[in-house]
Amino acid sequence: MGAKVQVDGGGSGFIDQVKHLCWWDDNAAPPQIGDRLHVVVLDADRDPPRLSALPGDIDIARRLRGNDA
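As a starting point, this report considers the structure included with it. (Residues numbered from 1 in each chain as written. Predicted model: local features only at pLDDT ≥ 70, side-chain atom pairs only at ≥ 80, totals over all residues. Heavy atoms only, no water.)

**Let's talk about the side chain of aspartate 57**
Here is step 1 of the chain: By secondary structure assignment, the location of aspartate 57 is in helix α1 (residues 55-65).
Here is step 2 of the chain: Residue aspartate 57 is classed as buried on the basis of its relative accessible area, which comes to 17%.
Here is step 3 of the chain: Contact partners of aspartate 57, with chain neighbours within four places excluded, come to Lys19, Val40, Leu42 and Ser52. (Helix = DSSP H or I, 4+ residues; strand = E, 2+ residues; numbered from the N terminus. Buried < 20%, exposed > 50% of the residue type's maximum accessible area, 1.4 Å probe, protein only. Contact = heavy atoms within 4.5 Å.)

**Looking at the pattern of salt bridges**
Here is step 1 of the chain: Within the structure shown, the criterion is met by two salt bridges.
Here is step 2 of the chain: In this structure, arginine 36 engages aspartate 8 in a salt bridge whose closest nitrogen and oxygen atoms are separated by 2.7 Å. Separated by 28 residues along the polypeptide, arginine 36 in the loop between β2 (12-16) and β3 (40-43) and aspartate 8 in the loop between β1 (2-6) and β2 bring together distant segments of the chain.
Here is step 3 of the chain: Classification of arginine 36 by relative accessible area gives exposed; the value is 70%.
Here is step 4 of the chain: By relative accessible area, which is 58% here, aspartate 8 ends up exposed.
Here is step 5 of the chain: One salt bridge connects lysine 19 with aspartate 57, and the closest N-O pair in it is separated by 3.0 Å. Remark: aspartate 57 occurs in helix α1 and lysine 19 occurs in the loop between β2 and β3; sequence separation between them is 38 residues.
Here is step 6 of the chain: By relative accessible area, which is 24% here, lysine 19 ends up partly exposed. (Salt bridge = Lys/Arg side-chain N within 4 Å of Asp/Glu carboxyl O.)

Right under this line is the structure:
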């Protein structure tokens, strides 16, 4: 289970339900059509690519890129 998403600039991706905040936080709403999400790519080799919208994953990706902003 999860959400298939359209990526800005074209293409698509998939956010597994456990990689969206609503799975972990009862106050977070599940993704809806038209929502804009900030995500990171977890596995670009999958079809569609697997993404994460979790703040912790986004922080890790920023640190790995050397971009803490």
